[in-house]
Amino acid sequence: MRVLPCGDRAALVELDTLAEVLGMTEALRADPPTGATDIVPAARTVLVRFDPARTSPDRLAAELAGRERRPATRPGCHTVEIPVRYDGDDLADVARLTGLTPREVAERHQAARYVVAFAGFAPGFAYISGGDPALRVSRRDSPRTAVPAGAVAIADEYSAVYPRESPGGWRIIGRTDLPVWTPDRERPMLLPPGTGVRFVEVRS
Amino acid sequence: MIEILATGPLATIQDLGRPGLAELGVGVSGAADTRSFTLANRLVGNAESAAALELTLGGLAVRFTEHTVVAVTGAPCPLRLAGRAVDMCGPICVAPGQRLDIGTPSCGLRSYVAVRGGIGVEPVLGARATDQLSGLGPPPVTAGQALPVGNAVTGMPAVDHAPQPACHEEPELTVVAGPRHDWFLPEALELLGSVPFEVTPRSNRVGLRLHGPALHRSSAAELAPEPLVAGALQVPPDGQPILFLADHPVTGGYPVIGVVTAADLPLAAQARPGQRVRFRPSEPRGSRCA
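Note that this is a predicted model, so its numbers are computed, not measured. (Residues numbered from 1 in each chain as written. Chains lettered and ligands numbered in written order. Predicted model: local features only at pLDDT ≥ 70, side-chain atom pairs only at ≥ 80, totals over all residues.)

This part is about the overall build of chain A. On a plain count of helices and strands, chain A comes out with 4 helices and 13 strands. For chain A, the C-alpha radius of gyration of 18 Å lies close to 17 Å, the compact-globule estimate for 204 residues. When the backbone C-alpha atoms are referred to their principal axes, chain A occupies close to 55 × 35 × 35 Å. Expressed as a percentage of the 204 residues in chain A, the buried residues total 47%. Counted over contacts in chain A with a minimum sequence separation of 6, partners at least 24 positions apart contribute 60%. (Helix = DSSP H or I, 4+ residues; strand = E, 2+ residues; numbered from the N terminus. Rg over C-alpha atoms; globule rule 2.2 N^0.38 Å. Buried ≥ 20, exposed ≤ 12 C-beta atoms within 10 Å, placed from the backbone. Contact = placed C-beta atoms within 7 Å.)

Below, the structure is given as structure tokens:
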């Protein structure tokens, strides 16, 4: 683990695995370092913003370096089922790239257990990790200018549900009617980091 | 009410944004030059976080329906109230029906118009800021619109006139190296600290897209997405850095060579396309291993 400088108001904790990121995020939330104002997980790093009136970069780095690395205690204990129609525009491409049939892609995508790693790209956009390694594909060479809300897509080690229409380069394998981003609600994001996820096929 | 009669290239409602929601994929947003923004609010006796207008290259005409107090800060513009010249950086008393005309700034990029009580549009996720990247918050302000006035008042205006910060022809921005300076050739950091970079017209509230000598990486490895902060100098594969401002993305997949200090971000937010900026490295600090 390394603590990297990130300007004069934040530090970046670098870890080896996503499990360690989830564990560190949970630990820092439960017992925040002095002066920490915000804790933001990503793929292999956790950002800690701080109030310069209450701590210094050196003091924060020292406090962070003393933290133990451990996995989260209960990752994915709250699980959300996402109903999916596997009829996405890139399903055939994904099948071709992975050497599977479209049906096998759908079956393997449902069989895996997932946990939300972090949010980014757009409000409510969850990087859902833990998919079948056989389904690992790169992003499209040319991103779409408009991906519809509810598109279920995969790229690299992640799955995602597009929270609203936006540009996007992930490969769309299906769609869901389940809203994942409702900004007028008290909990606007259906899938915050740490949430367990299952994809379940629905047939129309 | 505040009646919008005309706007310049871009007028948005801003406050101090949505801190603490990055976990939901929501960026901070808010005023790009927070120093000028909070000054405008203090000058009219508002809470520092009250919503105000952020003008890019000036050009606003508004009419007020009630007695109120307004203040204009940031990039210095010619101001006329009911046809008479009035000053920047001080409270301006306005009578019902009077019209305030804001011209084009002589230097700088963003001006702020605070109205006593703040702008009272409905907040979205706790803030009234317009986030141009995510689309959260009210849409940009347009002619013909009427904006409600809020009640974010903390006291009476206490100062007649605040010093107008100088415009910088070639602003110098202090940069803390890291978190990913070690992904670059040693020459890249030296270049960053010694050569001016030009602000290109593709710049906006998301960030300043800079043009200068390419900052080359020492490794072609892929960076897993990591959290970003305002002030981060992210370097895409073409080697031309992007200096992120208020509406920056929550995470990014290109290495960040350094981060401009919070105190110098307002200077970056006032840099116009075509202007050049310089970077001054701050004292280096080592990383800690455990």
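All right, on to the overall build of chain B then. Within chain B, the secondary structure is distributed over 3 helices and 21 strands. Taken against the 2.2 N^0.38 rule, which gives 19 Å for 290 residues, the C-alpha radius of gyration of chain B at 20 Å falls within 12% of a compact globule. Dimensions of chain B, computed from C-alpha atoms along their principal axes, come out at roughly 65 × 40 × 30 Å. Looking at chain B residue by residue over its 290 residues, the buried ones come to 51%. Of the contacts formed within chain B by residues at least 6 apart in sequence, a portion of 77% connects residues at least 24 apart.

Much of the literature gives interface size as the accessible area that the parts lose upon coming together. Between chain B and chain A, the residue contacts involve 31 residues of the former and 34 residues of the latter. Partitioned by chemical class, the residues of the side of chain B that touches chain A number 19 nonpolar, 8 polar and 4 charged. (Nonpolar A, V, L, I, M, F, W, Y, C, P; charged D, E, K, R; others polar.)

Attention now moves to helix α1 (residues 34-43) of chain B. All names here are of chain B. With 9 of its 10 residues buried, α1 lies for the most part within the structure. Those residues of α1 lying buried are Thr34, Ser36, Phe37, Thr38, Leu39, Ala40, Asn41, Arg42 and Leu43. Close packing links the buried residues of α1 with β2 (10-14), β3 (52-56), β5 (68-74), β10 (110-115) and α3 (265-269). Positioned one or two residues after α1, Gly45 has a phi angle of 80°, which is positive.

Turning next to unusual backbone geometry. Residues and elements named next belong to chain B. For the bond running from Gly178 to Pro179, omega is 5°, close enough to zero to count as cis. You can see Pro179 is positioned in the loop between β12 (172-177) and α2 (186-194). A positive phi angle, close to 50°, is found at Leu125, a residue other than glycine. Its place among the elements puts Leu125 in the loop between β10 and β11 (146-147).

We now examine the pairing of strand β3 (residues 36-41) of chain A. Each regular strand shows side chains that alternate between the opposite faces of the sheet. Residues and elements named next belong to chain A. The buried fraction of β3 is high, at 5 of 6 residues. Across 5 bridges, the pairing between β3 and strand β4 (residues 45-50) is antiparallel. Bridge pairing in β4 places Ile39 opposite Val48. Linkage of β3 to β4, two consecutive antiparallel strands, is achieved through a turn of 3 residues. (Pairing = 2+ DSSP bridges.)

Here the focus is the sheet that holds strand β6 (residues 114-119) of chain A. All names here are of chain A. Strand order in this open sheet of 7 strands is β5-β13-β6-β7-β10-β9-β12, and the pairing throughout is mixed. A strand with exactly one partner marks an edge of an open sheet, and here the two such strands are β5 (79-84) and β12 (171-175). Averaged over neighbouring strand pairs, the angle between their axes works out to 35° when direction is ignored. Here strand β9 (residues 151-155) pairs with β12 via 4 bridges, running antiparallel. Residue pairing for β12: Ala153 is matched across the bridge by Ile172. This element, helix α4 (residues 102-111), spans β12 and β13 (196-201) of the sheet and lies at about 150° to β13. (Axes fitted to C-alpha atoms, helices over the stretch in contact; angles between N-to-C directions.)

Before going further, it helps to examine the environment of Ser159 of chain A. Residue and element names in this part refer to chain A. By the secondary structure assignment, Ser159 is in strand β10 (residues 158-161). Taking the C-beta count within 10 Å as the criterion, Ser159 has 27 such neighbours and is therefore assigned buried. Once residues lying within four places of it in the same chain are set aside, the contact partners of Ser159 are Tyr114, Ile128, Gly131, Val152 and Ile154.

Residues and elements named next belong to chain B. Every second residue of strand β4 (residues 60-64) is oriented toward a common face, the buried set being Leu60, Val62 and Phe64 and the non-buried set Ala61 and Arg63. Pairing analysis gives 4 bridges linking strand β1 (residues 2-6) to β4, with the strands arranged antiparallel. Looking at the pairing, Ile4 lines up with Val62 of β4.

A low pLDDT means the predicted coordinates there should not be read in detail. This prediction gives chain B a mean pLDDT of 94; 97% of its residues lie at or above 70. Predicted complex, confidence summary: ipTM 0.91, pTM 0.92. (pLDDT = per-residue confidence, 0-100.)

The next thing to look at is the nonpolar core. Of all hydrophobic cores here, the largest spans 149 residues; its most connected members are Ala11 and Val48 of chain A together with Val113, Ala114 and Ala268 of chain B. Per-element tally for this core: the top contributor is β6 of chain A, with 6 residues. (Core = buried A, V, L, I, M, F, W, Y, C linked by C-beta atoms within 7 Å.)

Residue and element names in this part refer to chain B. Read from one edge to the other, the open sheet built from 5 strands follows the order β2-β3-β10-β5-β8, with strand pairing classed as antiparallel. Each edge of the open sheet is held by one strand with a lone partner, namely β2 and β8 (92-94). Averaged over neighbouring strand pairs, the angle between their axes works out to 25° when direction is ignored. Of the strand pairs in this sheet, β5 and β10 are connected by 5 bridges, and their pairing is antiparallel. Among the inter-strand pairings, Thr73 is bridged to a residue of β10, identified as Tyr112.

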